[in-house]
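Now for the letters of each chain:
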Protein chains: 4
Amino acid sequence: MGKAHSNALSKVGMFFENSANIGMKAICGRDEVWVKEAASKFGWEGYETSWQKLVQRDDIDVIDITAPSNYHKEIAIAAAENKKHIFCEKPLALNLKDAREMLAAAEKNGVKHQVGFNYRFVPAIQLAKKLIDEGKIGKIFHFRALYLQDWIIDPDFPLVWRLDKNVAGSGSHGDLGAHLIDAARYLVGDFEKVIGMSKTFIKERPIVEKMIGLSAKANADAPMGQVTVDDATIFMTEFKNGALGSFEATRFSAGHKNAMMFEINGSKGSIKFEFERMNELQYFSREDETGYQGFRVIQVTEDIHPYMKAWWPAGHVIGYEHTFVHEFHEFVEAIANDTKIAPDFNDGVKCSQVLEAVDKSIEERQWINVDSL
Amino acid sequence: MGKAHSNALSKVGMFFENSANIGMKAICGRDEVWVKEAASKFGWEGYETSWQKLVQRDDIDVIDITAPSNYHKEIAIAAAENKKHIFCEKPLALNLKDAREMLAAAEKNGVKHQVGFNYRFVPAIQLAKKLIDEGKIGKIFHFRALYLQDWIIDPDFPLVWRLDKNVAGSGSHGDLGAHLIDAARYLVGDFEKVIGMSKTFIKERPIVEKMIGLSAKANADAPMGQVTVDDATIFMTEFKNGALGSFEATRFSAGHKNAMMFEINGSKGSIKFEFERMNELQYFSREDETGYQGFRVIQVTEDIHPYMKAWWPAGHVIGYEHTFVHEFHEFVEAIANDTKIAPDFNDGVKCSQVLEAVDKSIEERQWINVDSL
Amino acid sequence: MGKAHSNALSKVGMFFENSANIGMKAICGRDEVWVKEAASKFGWEGYETSWQKLVQRDDIDVIDITAPSNYHKEIAIAAAENKKHIFCEKPLALNLKDAREMLAAAEKNGVKHQVGFNYRFVPAIQLAKKLIDEGKIGKIFHFRALYLQDWIIDPDFPLVWRLDKNVAGSGSHGDLGAHLIDAARYLVGDFEKVIGMSKTFIKERPIVEKMIGLSAKANADAPMGQVTVDDATIFMTEFKNGALGSFEATRFSAGHKNAMMFEINGSKGSIKFEFERMNELQYFSREDETGYQGFRVIQVTEDIHPYMKAWWPAGHVIGYEHTFVHEFHEFVEAIANDTKIAPDFNDGVKCSQVLEAVDKSIEERQWINVDSL
Amino acid sequence: MGKAHSNALSKVGMFFENSANIGMKAICGRDEVWVKEAASKFGWEGYETSWQKLVQRDDIDVIDITAPSNYHKEIAIAAAENKKHIFCEKPLALNLKDAREMLAAAEKNGVKHQVGFNYRFVPAIQLAKKLIDEGKIGKIFHFRALYLQDWIIDPDFPLVWRLDKNVAGSGSHGDLGAHLIDAARYLVGDFEKVIGMSKTFIKERPIVEKMIGLSAKANADAPMGQVTVDDATIFMTEFKNGALGSFEATRFSAGHKNAMMFEINGSKGSIKFEFERMNELQYFSREDETGYQGFRVIQVTEDIHPYMKAWWPAGHVIGYEHTFVHEFHEFVEAIANDTKIAPDFNDGVKCSQVLEAVDKSIEERQWINVDSL
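Here the structure is a predicted model, which is why all the values come from computation and not from measurement. (Residues numbered from 1 in each chain as written. Chains lettered and ligands numbered in written order. Predicted model: local features only at pLDDT ≥ 70, side-chain atom pairs only at ≥ 80, totals over all residues. Heavy atoms only, no water.)

A separate point is the pairing of strand β7 (residues 191-199) of chain A. All names here are of chain A. Summarising burial for β7: 7 of the 9 residues are buried, a large majority. Alignment of β7 against strand β10 (residues 232-239), held across 8 bridges, turns out to be antiparallel. Each residue of the ladder has a partner; that of Met197, found in β10, is Ile234. Bridging between β7 and strand β16 (residues 368-369) involves 2 bridges; their strand directions are antiparallel. Each bridged residue has a counterpart across the sheet, and for Lys193 the counterpart in β16 is Asn369. (Buried < 20%, exposed > 50% of the residue type's maximum accessible area, 1.4 Å probe, protein only. Helix = DSSP H or I, 4+ residues; strand = E, 2+ residues; numbered from the N terminus. Pairing = 2+ DSSP bridges.)

Here is the structure:
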């Protein structure tokens, strides 16, 4: 994430005419050797080894939090109190209560706050939003969403931090499901009630001493530890506007690497999206001429498409990292012009509320009204 | 359905070497003018206007029931008592109790019984079964299935019999969901518990006096009547083998005409199928060489594929109606050789049990254990 | 082919309201045992072992020629002289000269004549024609077509009759390319000039004594014989209307079983088709709203689509054999109503003309004007 | 192109561990206001307004040429004479003769030289090369390639420099076809003989005074000027290894924005690629288990895939611009380690040779042996 953010920050100014230039002042990490090298490699002017010190620096306006989830709250509140604008990676916090405290701190201190639901900044998803806002989909009946990965199917895959509830907060639900929930809120609206189920297919895994990225390997004789998060979570919902929703997040779906996808059906048309073909949006219109109706595969790479004027000629596709450039572009614009940002910490809170409502529905084996939390 | 069955029956002998020849003795319908013409057009030797009379004819060995669901039970029991083998369209009955009575009657009278879950006879679905049986998918983690149609989105679409609970028994759930449930049982196994939700998006529709097929049109000033079935039903399940399942059946999914589709994820691989491309099966193997893994689009049209030797050269696709030829081929074989049939009335009962468990879970707003019914 | 035709003839009356009923009088074959059995199995009233006798029978109005290409001419001329309407499989004849003689005989005797370019009767291809005729594609710039198969890649595959020029007339060019040429003429128009290249990748193959279908196997010690037809033929063209065309027919394209496909680009839009997904047509319109343009995947299975009213509800796909039902339906209609047929022997002649012009261009290594032949 | 190169140069060091660091010394342009701003925006230390001066600077080791094609030769030769390593965008030169002079200059001066066929650096295309080199495709029978765009279909689109032969050298053939030719040489091998055809569908277009990018608009009363390049060029080839090839490059293919695509068929398998889904490679293996063969859609986004370790987790796709990062990475490595580069000016010359052979075949209306040029 540090690399993704650094790369994106360095590109905003090159591709977008921003009201404000971004100066990359300092990167922060506990290991001085590592952070020094990272600063040089990723283009930062300097570095810090203490985030407490960083948030107090006078020459810094913005704090960008990419630390593990269990640090988000503390850093964000300190940043807010130091009047820094805050960009925070998702999930906003380990739980709803913490998320609400972070929001309160940001609001109280009058700083801008954004949460890193970067999928909102896929041009195809913004085009989907545009179709909906223009009424081209009509009244929405269905939203169904999947986020499928397959990196932990192998029982020998070790017990990395993402499988530890204390650090990660949640498993597939909080990591992947959170993106689906935010997309649903962005495109369809708020959730009324939910009921879910979840499963940890492999309950013990070898403990690994040190890991690099996701590709850690444990020794053959490594002791076993408990997996404390969900491998897969499925839930159903009714939205406040009456639409039905179904959601599934899993890390046990062989063949899918990062298949974040959804479909929306409305009274006038439908929309389909899958991240692995992120430059495409499928759109069906019931208002097309009878006999010639069909799902259109829109290549969302033309000048007229969201953000694409900044990039390459039509058909010259962009990738995952561009979503970060887009979100930072919006963040900088909002700070410079003092305008509203979305998704902000409110959206982070709302997402956490749904995540927790689902958790509660699983524990209590019953439907939970989201607003009851 | 009468046309689909007649066509299929007339083709079995032409394309399959059966132990027994099929003689198409008589078609039955209440309207003599219509049934006489149908007999001639569809290749039947004769006709009857009373099913009571038909089931008693000595020259007939098999009764094929394609009447509306509310007639299934009565006809099937009478047929059984007359020692006729029975083929019955799905859903087997209006409810679980009736289905069980039909099964009991068939078993007591020692007749062969088959239920028309024709999707089992799509070559690609049989190939999926083969992959699973050979262990190529491994332990199954996920089954997710959709059956999407869009023919009643328009509020002006009239109140046809399929929207009347008394005749149809159920809406999308019983009509479409039943196929998904049977496919799940065929490929994954039995259901442990379920919870569902359903919705009737359009609650009143114009009453139409007479309809032809699905394309009925009501007058502009037609009175309105109540839709008494579900437009969409979603449910989640845990299978007895521990796999998680999600199901959705809807008639409100713009752009999808008959999109019966599912995906299975296991420890060794995955399978994807969608009926609108029924000659294809997608298969991902985790055992393919690293770096070259990917979903294979198998064209299930080669001689070595289930049933395909009977048809055309490779790549010369077949269609919906062929599933009927295949199921009748199996039925005739089973009668001729006195072997076991699947899916039989037991499968019809099991499917009804899941359907009703879902209905109950919706009513009671809680998880229902399928075996409790 | 005999099976495909028999099946189709028996279905025309069941699915289409024809002006004339089809009586399946007699099937003809040299081997009495085989033909007798075929007559019974395929639903023919009787059989003949001499085509000379068959064409003279008074109770027969139509001769349907599915014999190997080297018999077409003789049978067709005899049929015409006996005032029988003629349906002849493609290629019409072994060469252009023969094709012209057949056309002359048919015209002189005033009989109806149709040639079996069955792909014209794929509903999606007829929909493509409709789009073009309605001006939705505009002025055509490009036609590119492929017909890819892979059944003779294995060098052990034996020397079947389709690889013998004396019987088959031609290899991939006449067998597969002929369908592409007819589709091009149907959709784009006549050819101005052509230049091609061809290749026989495997020049010798084991001789097999007897073959069944395409799946013949030669003995390990079988003697080798010469392959006398092309394995692959590619050619370019300029159409009379100025469009550019490229064509490729091959039996050496691993993974493609029967991939007859083409794309058309015009000033207003584009069309894509591939036979292995024959129920779909892709259509791009430059007149769709800017920003929402994309290739539409039209499911050509609705009542309003060509021929589909006769079959199943929307989304219930049809297959290869249905193209034969459609072409016989048209043939019968044309005879009953004395209307014009397409494609007729003229189309067969025009196709042969292009085939031969390509052959000549390969031999002479230069562009050939099609009308010069 | 300046932006694409600047962006890529700034990223090489961030994502690849290079033997040498890249210092972005100076960007060059005639308009000082523009070039000064570009230097600041794109991250260059300084700028020059004279390329003659630039190539003589002592603090510079490498010259990267992105000027219009008509400047390539002069700059490259001067750079070589000043002992600068040279990266030159494609096409290498306006014609074969110039390309050869550039190659000679580079070789004589012992500098490294690379030509910007960036598609070679798409991970999926490198994976295709790996499959071929490992023998998984076997003997190659067919290569067919298309490069389809649609940006000049509108007759009102003005006479931009790319439509002027004096500046651009060629139209679709040199611009798009060149990429296909290089891909063919990379994957299949050298060309034996060619024959082509080309067309300028719209021969006159409005003259525009000034253009920005490709989106120039001419005034309604703008005078008309002659289009002097081809709108579309098609050609056939036989490769030296006996494979057959077909090529098509066009800017008149409605719906295709940047559809560079190809398919390769061999004795053991096939490969398909299309740039608009550049993170995917399709691969069919005849050695997969019978009955389960099919084109695999490989998501080329895993650590083990070419270059992908440098980027994001599996399934997090990359885009067009990454091909430039990859090519500069290789260029820098080759300079630092004094190793061989591909594609170098030799490849540029070979590509020009094929381009000109095709042009000659069009002019002379006959097959041209490529080595005769």
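Under the defined criterion, the tally for this structure stands at 132 salt bridges over all chains. Notably, a salt bridge pairs Glu280 of chain A with Arg277 of chain D, separated by 2.7 Å at the nearest N-O pair. With Glu280 of chain A in strand β14 (residues 280-285) and Arg277 of chain D in the loop between β13 (269-274) and β14 (280-285), the pair connects residues from two separate chains. Residue Glu280 of chain A is classed as buried on the basis of its relative accessible area of 10%. Residue classification places Arg277 of chain D among the partly exposed positions, given a relative accessible area of 24%. Residue Asp190 of chain C is joined to Lys350 of chain C by a salt bridge in which the shortest nitrogen-to-oxygen separation is 3.9 Å. Taken as a pair, Asp190 of chain C in the loop between α8 (172-187) and β7 (191-199) and Lys350 of chain C in helix α10 (residues 345-364) lie far apart in primary sequence, 160 residues in all. Each of the salt bridges in this network shares a partner with another, and the network as a whole consists of Arg120, Asp182, Arg185, Asp190, Asp347 and Lys350 of chain A. (Salt bridge = Lys/Arg side-chain N within 4 Å of Asp/Glu carboxyl O.)

What follows deals with the interface of chain A and chain D. The interface is formed by 36 residues belonging to chain A together with 36 residues belonging to chain D. For the pair chain A and chain D, the summed buried surface comes to about 3,200 Å²; carbon and sulfur atoms form 56% of the total. The tally of links from chain A across to chain D stands at 6 salt bridges. In this structure, the connection of chain A to chain D is made through 16 residue pairs in polar contact (both at pLDDT 80 or more). The element best represented in the side of chain A that touches chain D is helix α1 (residues 2-15) of chain A, accounting for 8 residues. (Contact = heavy atoms within 4.5 Å. Buried area = accessible area lost by both parts, 1.4 Å probe. Polar contact = N/O pair within 3.5 Å; in protein donor to acceptor, adjacent residues only side chain to side chain.)

One pass over the structure, following the stated rule, counts 105 aromatic pairs over all chains. Judged by centre distance (5.5 Å) and plane angle (80°), the ring pair of Trp151 of chain B and Phe157 of chain B falls under edge-to-face. For the pair Phe235 of chain B and Phe247 of chain B, a centre-to-centre distance of 4.5 Å together with 0° between the ring planes defines the contact as stacked. With Phe235 of chain B in strand β10 (residues 232-239) and Phe247 of chain B in strand β11 (residues 244-250), this pair connects stretches of sequence that are 12 residues apart. Of the two residues, Phe235 of chain B and Phe247 of chain B, neither departs from the other in class, the shared state being buried. Taken together, the ring pairs in this structure connect Phe15, Phe16, Tyr307, Trp311 and Trp312 of chain A together with Tyr119, Tyr147, Phe275, Tyr320 and Phe324 of chain D into an aromatic cluster. Over the aromatic face of Trp312 of chain C sits the side chain of Lys3 of chain B, whose NZ or CZ is 6.0 Å from the ring centroid. (Phe/Tyr/Trp six-rings, centres within 6.5 Å; stacked < 30°, edge-to-face > 60°. Lys NZ or Arg CZ within 6 Å of the ring centre and 35° of its normal.)

Residue and element names in this part refer to chain C. With 13 residues, helix α5 (residues 96-108) extends 18 Å between its outermost C-alpha atoms, agreeing within 8% with the 18 Å of an ideal straight helix rising 1.5 Å per residue. Looking only at α5, the buried set comprises Leu96, Asp98, Ala99, Met102, Leu103, Ala105 and Ala106. Buried-residue contacts for α5 involve α4 (69-81), β4 (85-88), β5 (113-115) and α10. Where α5 begins, one side-chain oxygen reaches toward the backbone nitrogen of Lys97, 3.2 Å away; that side chain belongs to Asn95. Residue Gly110 follows α5 closely and has a positive phi angle near 65°. (Expected span 1.5 Å × (residues − 1).)

Moving on to the sheet that holds β4 of chain C. Residue and element names in this part refer to chain C. Spatial ordering of the open sheet is given by β3-β4-β5, a layout of 3 strands whose pairing is parallel. Bordering the open sheet on either side are β3 (62-65) and β5, each of which pairs with just one other strand. Across the sheet, the mean angle separating the axes of adjacent strands is 10° when strand polarity is ignored. Sheet topology note: the β3/β4 ladder contains 4 bridges and is parallel. When the bridges of β4 are listed, Val62 appears paired with His85. Contacting β3 and β4, α4 runs over the sheet at an angle of about 175° to β3. (Axes fitted to C-alpha atoms, helices over the stretch in contact; angles between N-to-C directions.)

The next point concerns the pairing of strand β13 (residues 269-274) of chain C. Residue and element names in this part refer to chain C. Bridging between strand β12 (residues 259-266) and β13 involves 5 bridges; their strand directions are antiparallel. Looking at β13, one finds that Asn265 is bridged to Ser270. Between the end of β12 and the start of β13, which pair antiparallel, lie 2 residues. Counted between consecutive antiparallel strands, the loop separating β13 from strand β14 (residues 280-285) contains 5 residues.

For the pair chain A and chain D, the best superposition has an RMSD of 0.0 Å and corresponds to a rotation of 180° with a translation of 0.0 Å parallel to the axis. Both copies are brought into coincidence by an operation consistent with a two-fold rotation axis. Considering only C-alpha atoms, the residue of chain A closest to the rotation axis is Gly319 of chain A, which sits at 2.3 Å. (Least-squares fit on C-alpha atoms with pLDDT ≥ 70 in both.)

Let's shift gears to the confidence of the model for chain A. Low pLDDT marks regions whose predicted coordinates should not be analysed in detail. Confidence in the prediction for chain A averages 94 pLDDT; 97% of positions are at 70 or higher. If you check the scores for this complex, the pTM reads 0.96 and the ipTM reads 0.95. (pLDDT = per-residue confidence, 0-100.)

It is worth spelling out the sheet that holds strand β3 (residues 62-65) of chain D at this point. All names here are of chain D. Sheet architecture is open: 3 strands sit in the order β3-β4-β5, paired in parallel fashion. Strands at the two margins of the open sheet, each flanked by one partner only, are β3 and β5 (113-115). Across this sheet, the average inter-strand angle for adjacent strands is 10°, counted without regard to direction. Where helix α10 (residues 345-364) meets the sheet, it contacts β4 (85-88) and β5, and its direction lies at approximately 40° from that of β5.

By a simple turn and slide, chain A fits onto chain B: the slide is 0.0 Å along the axis, the RMSD is 0.0 Å, and the turn is 180°. Comparing interface residues between copies, 100% of those in chain A also lie at the interface in chain B; the contact surface is shared.

Bringing the side chain of Thr323 of chain C into the picture now. All names here are of chain C. Positionally, Thr323 belongs in helix α9 (residues 322-337). Among the polar contacts listed, one links the side chain of Thr323 to the side chain of Asn118, at a separation of 3.0 Å. Here the side chain of Thr323 touches Tyr320 through a polar contact of 2.7 Å, landing on its backbone oxygen.

All right, on to the interface of chain A and chain B then. Counting residues at the interface gives 42 residues for chain A, matched by 42 residues for chain B. Across the chain A to chain B interface the summed buried area is about 3,600 Å²; carbon plus sulfur atoms make up 63%. At the junction of chain A with chain B, the criterion picks out 4 salt bridges. Salt-bridge contacts for Lys199 of chain B lead to Glu238 of chain A; the nearest nitrogen and oxygen are separated by 2.5 Å. When residues of the side of chain A that touches chain B are traced back to their parent elements, those giving at least two are β6 (140-148), β7, β10, β11 (244-250), β12 (259-266) and β13 (269-274) of chain A. Of the residues contributing to the side of chain A that touches chain B, the split by class is 17 nonpolar, 15 polar and 10 charged. (Nonpolar A, V, L, I, M, F, W, Y, C, P; charged D, E, K, R; others polar.)

Keep in mind that most residues, glycine aside, have a negative phi and that most peptide bonds are trans. Along the chain, Lys90 of chain C connects to Pro91 of chain C via a cis peptide bond; the corresponding omega equals -5°. For the bond running from Ala342 of chain C to Pro343 of chain C, omega is 0°, close enough to zero to count as cis. Here Pro343 of chain C shows up in the loop between α9 and α10. With a phi close to 50°, Asp338 of chain B is a non-glycine residue in the positive phi region. Note that Asp338 of chain B resides in the loop between α9 (322-337) and α10 (345-364). Exposure remark for Asp338 of chain B: the relative accessible area of 59% places this residue in the exposed category.

All names here are of chain A. Where helix α4 (residues 69-81) contacts helix α5 (residues 96-108), the axes come no closer than 9 Å and their chain directions differ by 10°. One way to sum up the angle between α4 and α5 is to call them roughly parallel. Of α5, the residues touching α4 (which contributes His72, Lys73, Ala76, Ile77 and Ala80) are Asp98, Glu101, Met102, Ala105 and Ala106. (Parallel < 35°, antiparallel > 145°, perpendicular 65-115°, else oblique.)

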